[in-house]
Every structure is written in C-alpha cells, then in structure tokens.
Amino acid sequence: MTAIRPAGADGRSAPAAPGDATAGGRGVGTTARGSLFGLAGSAANALFGFVLVAVITHGLGAGGAGAVFTGVAAFTILSNALKLGADTALVRFVSRDLELSGGAGVPALLRISVLPTLLASAAGAAVLLCSPGLAGLLLPELDPGQAAALIRLFAVFLPVTTVALVLLGATRGYGSVVPFVGVEQIGKPAVRVLLAVPLVLLAPSVAGLSAAWLAPGVLGAVAACVSLRRSRRAHPGSGQPPSPAREFWAFAGPRAVSSVFDITAVWIGVILLSVLGTGTDAGIYTAIGRLVTAGSLLQLAIRLAVAPQISRLLAGGDTHGAHHLHRLSTRWIALFSWPVFLVLAAYPRTVLSLFGPGFDEGAAGLVVLAVACLVNVGVGNAQTVILMAGRSVWNLVVAGTAFVLQLGSGVWLVPRYGVLGAAVSWGLAVVVDNGASALLARYRLGFRTVDRGYLYAAAIGIVTVALPVFGLRTLFGDSLPGTLLGIVLAIGAFGAAVWRYRLPLGVGEFFGALRKRGSGNSP
C-alpha cells in the first residue's frame, strides 16, 4: 500500500522526500511489488480457471459446458455494466484523494458510488427474474423451464457480486492489489473448483455447476467489505476533502459504457456461437478465451498495480514520473508476454488438446487471437493511462468503435466460420482498441512507449523465442515432442538474453525495487 505524505497547512501534499521521484522512480517499487503479487494471483486464477473449464467440460461435455459458460458470459457482462463505471472511478478518485487529503474524502466517494450501483444491479436482477423469454433466446439448446430457472439463479447473485466489485475498486485506489487479487483471482476461483469437483463426480448438472460458479461471490463480498474497512482505518485523512459527485459521475458515466464494451468483447463470441452456432463451438471458444487470458497474466497484474500509481503521480504534478512508470511497465509486459503468445501461435493444436478431444478444432482461431494479442501486450496499458488521466470519454469512443466492429463482423462471420469467425472478429477489435489507445496516449497525452529498452525486448522475443519455436514446428509439426523441445530451447535462450541485457531492459530496476523499499512506497 502506498504511503501517504503529510499534508501541509493548505491541505495539499507536502513536498516529497529527497529521492522520492528521482529519475522518475516514484511508484516503481509499489508497482513492482504489486505486479509480482498480481502475477501470482493471475497465475492462480488461470490455473483454477483451466481446472474449472476442464472439470465442467469433462462432466457435461462441450454442449453442457457451453450452456454454463453462456450463462456466465451474460452474468459477467451484466455485473460489469451495472457497476456504472464506479469501480474504475474509485481507483482514480480514491488515489487522488490520498494524494491531496490523505483519504478524508473517501467516505463521500463511497456514498455517491455504492448506492446507485446497488439500485442498478437490483433492477437488473428484477428484469432477469421477470423475463423467461430471454432465457430461451440465450440458451436455446436447454429445455425452456430449465433455461428460465438457470437465468433466475444468476439473477439472485447479481446485486451482491456487482457491489463487491465496486468495493474492490476502492481498495485498489488505496494502492494495494491484495484485496482484489485475494478475492477475484485466488479466493473465488479456488472455491469454485472445490465446489465443482464433487458435483461433477456425484451429480453433474448445468444448474448445479452454475451455482458452484456463483456461490463464492457472497464470500467475496464479505471479504471486500472487511478489506475496505481496514484501509479506511489506516488512512483517516486530514485537510478539506472536495465534493466530487459531479466530477465523479462525469468520469464514471462514459467508463460505465466502455466497460460494457470491454467485457462484452471477451464474452460476445460465446453468446454469438451459442445463438448462431452450436453449444459445442461455444465450449471450444471458451477454452480459447482461457488461453488468451492466461497469456495476458502479466499485463493484467501490472494494470492492477500501475493504475493508482499513475493517477497519484498525475494528481501530484509528477508527469515525468508517470511517463517513466508507463514506459518501464510496458517494457516488462512486452518482454515477458510476447513469448507466451508466440508459443500459442506455433503449437495451437497441442495446447488445445489439453482440454480434451475435439477442442483442437479451434486451432486456427487460437492462432488469430495470439497474433492480435501480440499487439495488445505490445502497447502495454495504454487504456489505463487514458483513464487515469481522466479521459474516460476517449476510452468510450475507442472501445465503442472496436465493439461495433467486433459485433458487426461477428454476426457475419460466426454463421459461416464458427469458432474461427468469432476469433477473427475479436482479434480485429483487440487491434483497433489497443492501437487507437496507444496513439491517443502518445500524441494527445505525451506518453511514449517505444524507447531503447523496448527495442531490446522486441529483438529478444524474435530471436530467442520466435526462431526456435517456429523452427521446431517446421521440423516436428504441431506435436507434443516438438512443443516441449521448442519451449525448453526458448526458455534457455530467452533467460540468457534477458540476463545479458538486463540493464537496458529495466529488469534490474524491477528486482531492485522488490529488494529495497523506495522512499514513498510502503509494504
């Protein structure tokens, strides 16, 4: 959690201690430690996610799994929409308030954010409870009564899950990723697996496994409340907090809509395949989505840690520090994420076969998304920079354009090409969204991404990973022996190159920040 600098007599933050922002280093230590913990949480989330998908697909088959994950998709889209953008707004406004008043304005921020999201999510749940026809549209392969009961089950858990996500946004604003990672990436995924395994062994059913996915949300809400209460006690604040209701919702409103586009982009392929294709295709596409998410682990981890730091740096007028932090974090993301997607692009059938027979039919779709994600991780967290700079309208325009492109191309491609069509539409949206965000961050906000260290990271990825894995793919094909040998050779060459060029890559700065707690960064 980021330490608070004492407030001066005018309520503004006192000058930083010597060395606090030296060479743009302020926030690097907190980001490095938060990223490491976030990466561990993301890895656990991916692991439990893989296990859960494997358990459900083996217990229900691709068709039954498709029904479960279609419900999960609709629920996830709704809960993210009904947050009304308040979670991201709390990350920005709580971190700014800590910089300016030490946290005195947080109670007001919670009052103006939690009640509207609670009312909105309760209204959304009521609509689901009273709309049996919607169930038949989303789940046409299920019996109408079973489909309606399943949708009602998801509706019951909607308000508590939505409010919990908003509260976790506030804890992130305090500079700690621990509550979010502990609840969303470790706790809930682990409990889901613990509930799903005995259900599959004893009485596998679509309703039962859906309940196993939903029930941990109640425990997550309790944990979010406890964590936020502890953060508020640790930072009671001083000075005169602002009254930010109008500014808060002016930011949160556009973010509410863009967050719908963001999360829908992940799940719309599942829904389109369920409605326009088959449940089997939806199950295969869900597996591909899990792989893509796994490849983005580091980017997601760094995003959690870097957002409040950039917000605080900008609020304190330290634009140099914010720019340095963005360049450094983007370099870390590209360096360690590109190899993952290169391996997925080289050996898609072997990787997908881990989910069971028939899933390798999605190999072409996995290649398309792996290539698109090379662009995604290559621009770092450009969207986060735009949001923490307060430009939520820009984010809305970009996300909306990408979503319209994805939906329009998906409606045309999915009936013709199935999983591959859904992957192509998502890939196009990923490239447009991230490319446009990077251009805005560079030319409108001045956040440069490419520097000497970034070029080193790109060269290392090509020489030490792309060449061996695609070379062995040519020799041995998309086979398990070729995959294992390619990964082993790539790891050896990559590790040696990273050590050799650790200084220009900024790897030393990352691990140095972990070893030494810099000024302005508390545990």
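Located above this text is the structure these notes cover.
Keep in mind it's a predicted model, so treat the numbers as computed, not measured. (Residues numbered from 1 in each chain as written. Predicted model: local features only at pLDDT ≥ 70, side-chain atom pairs only at ≥ 80, totals over all residues. Heavy atoms only, no water.)

1. Description of the overall build of the protein chain
Note the following rule: Secondary structure elements follow DSSP: runs of H or I of four or more residues count as helices, runs of E of two or more count as strands, with numbering from the N terminus. Only protein chains enter the accessibility calculation, which uses a 1.4 Å probe; a residue is then buried when its area is under 20% of its type maximum, exposed when over 50%, and partly exposed in between. Any two residues whose heavy atoms approach within 4.5 Å are treated as being in contact. Surface accessibility follows the Shrake-Rupley procedure with a 1.4 Å probe radius. Residue values consider only the protein chains on display as shielding.
Counting its secondary structure elements, the protein chain contains 21 helices and zero strands. Out of the 523 residues belonging to the protein chain, those deemed buried represent 56%. Counted over contacts in the protein chain with a minimum sequence separation of 6, partners at least 24 positions apart contribute 83%. Split by element, the accessible area of the protein chain, about 20300 Å² in all, is 69% carbon and sulfur.

2. Regarding the side chain of serine 329
The following threshold applies: Nitrogen and oxygen atoms within 3.5 Å of one another constitute a polar contact, given that in protein one can donate a hydrogen and the other can accept it, and given that sequence-neighbouring residues count only through two side-chain atoms.
In this structure, serine 329 sits in helix α12 (residues 319-346). Of the polar contacts made by the side chain of serine 329, one reaches the backbone oxygen of leucine 325; its length is 2.9 Å. Beyond its immediate sequence surroundings of up to four residues, serine 329 is in contact with Ile302 and Val306.

3. Comments concerning the packing of helix α2 (residues 86-101) against helix α5 (residues 144-173)
Rules: Convention adopted: a line fitted to C-alpha atoms gives each axis, helices being fitted over their contacting stretch, and angles between N-to-C directions are expressed from 0 to 180 degrees. The cut-offs work like this: below 35 degrees is roughly parallel, past 145 is roughly antiparallel, 65 to 115 is roughly perpendicular, and the gaps in between are oblique. A crossing counts as left-handed when the near helix is turned anticlockwise from the far one by less than a right angle, and as right-handed when that turn is clockwise. Just so you know the grouping, Ala, Val, Leu, Ile, Met, Phe, Trp, Tyr, Cys and Pro go in nonpolar, Asp, Glu, Lys and Arg go in charged, and all remaining residues, Gly too, go in polar.
One way to put it is that α2 packs onto α5 with a least axis distance of 7 Å and a crossing angle of 25°. Relative to α5, the element α2 is oriented roughly parallel. Judged by the sense of rotation from one axis to the other, the crossing of α2 with α5 is right-handed. Residue-level contacts link Ala86, Asp87, Leu90, Val91, Val94, Ser95 and Leu98 of α2 to Leu165, Val166, Gly169, Ala170, Arg172 and Gly173 of α5. Counted by class, the contact of α2 with α5 contains eight nonpolar, three polar and two charged residues.

4. Examining α12
Which entries qualify depends on this criterion: Helix span, expected: 1.5 Å multiplied by one less than the number of residues in the helix. Axes are fitted to the seven residues ending at a residue and to the seven starting at it; the angle between these axes is taken as the bend at that residue.
Here α12 contains 28 residues, and its C-alpha end-to-end distance of 40 Å stays within 8% of the 40 Å for a straight helix at 1.5 Å per residue. Its axis deflected by about 30° at serine 337, α12 carries its strongest bend there, up to four residues before the proline proline 339. By the criterion of burial, α12 is predominantly enclosed, with 23 of the 28 residues buried.

5. Concerning the packing of aromatic side chains
Where we set the bar: Stacked, tilted and edge-to-face pairs are distinguished by plane angle, under 30 degrees for stacked and over 60 for edge-to-face with tilted covering the rest, among Phe, Tyr and Trp rings (Trp via its six-membered ring) whose centres lie within 6.5 Å. We count a charge as sitting over a ring when the NZ of a lysine or the CZ of an arginine lies within 6 Å of the ring centre and within 35 degrees of the ring normal.
Considering all chains together, one arrives at ten aromatic pairs under this definition. Summarising the aromatic geometry, the rings of phenylalanine 261 and phenylalanine 403 are spaced 5.1 Å apart at their centres and angled 25° between planes, so their arrangement reads as stacked. Here phenylalanine 403 lies in helix α16 (residues 392-417) and phenylalanine 261 lies in helix α9 (residues 245-276), a separation of 142 residues in the sequence. By the burial criterion, phenylalanine 261 is buried, and phenylalanine 403 matches it. Centroid distance tryptophan 338 to tyrosine 454: 5.7 Å. Interplanar angle 75°. Geometry classified as edge-to-face. Here tryptophan 338 is found in helix α12, whereas its partner tyrosine 454 is found in helix α18 (residues 452-476), with 116 residues between them in sequence. Summarising the burial analysis for this pair, tryptophan 338 and tyrosine 454 share the class buried. Feature note: the residues Phe93, Phe248, Trp249 and Phe251 constitute an aromatic cluster, connected by ring pairs. Over the ring of tryptophan 213 we find arginine 192, and its NZ or CZ is 4.0 Å from the ring centre. The aromatic ring of tryptophan 499 is capped on one face by arginine 502, whose charged end is 3.9 Å from the ring centroid.

6. Examining the nonpolar core
Note the following rule: We call a set of buried Ala, Val, Leu, Ile, Met, Phe, Trp, Tyr and Cys residues a nonpolar core when their side-chain atoms join them within 4.5 Å.
Within the largest apolar cluster, 122 residues are counted, with the highest numbers of intra-cluster contacts made by Leu90, Phe248 and Ile288. Excluding residues within four positions of it along the chain, phenylalanine 248 makes contact with Ala86, Ala89, Leu90, Phe93, Leu109, Ile112 and Ser113.

7. Details of the pattern of salt bridges
We apply this condition: For this document, the term salt bridge refers to a Lys or Arg side-chain nitrogen within 4 Å of an Asp or Glu carboxyl oxygen.
Under the criterion given, the structure shown has six salt bridges. Between lysine 83 and aspartate 87 there is a salt bridge whose closest N-O contact spans 2.6 Å. Residue classification places lysine 83 among the buried residues on the basis of a relative accessible area of 6%. Salt-bridge contacts for arginine 327 lead to aspartate 451; the nearest nitrogen and oxygen are separated by 3.9 Å. Within this pair, whereas arginine 327 is found in helix α12, its partner aspartate 451 is found in the loop between α17 (419-443) and α18, the two being separated by 124 residues in sequence. Within this structure, Arg327, Arg331 and Asp451 form a network of salt bridges that share partners.

8. Structural notes on the side chain of threonine 76
Among the secondary structure elements, threonine 76 is positioned in helix α1 (residues 28-81). Those residues in contact with threonine 76 that sit more than four places away from it in its chain are Trp213, Ile263 and Trp267.

9. Some details on unusual backbone geometry
Of note in the backbone geometry, leucine 84 takes a positive phi value of approximately 60° without being a glycine. Residue position: leucine 84 is located in the loop between α1 and α2. Under the relative-accessibility criterion, leucine 84 is labelled partly exposed at 24%.

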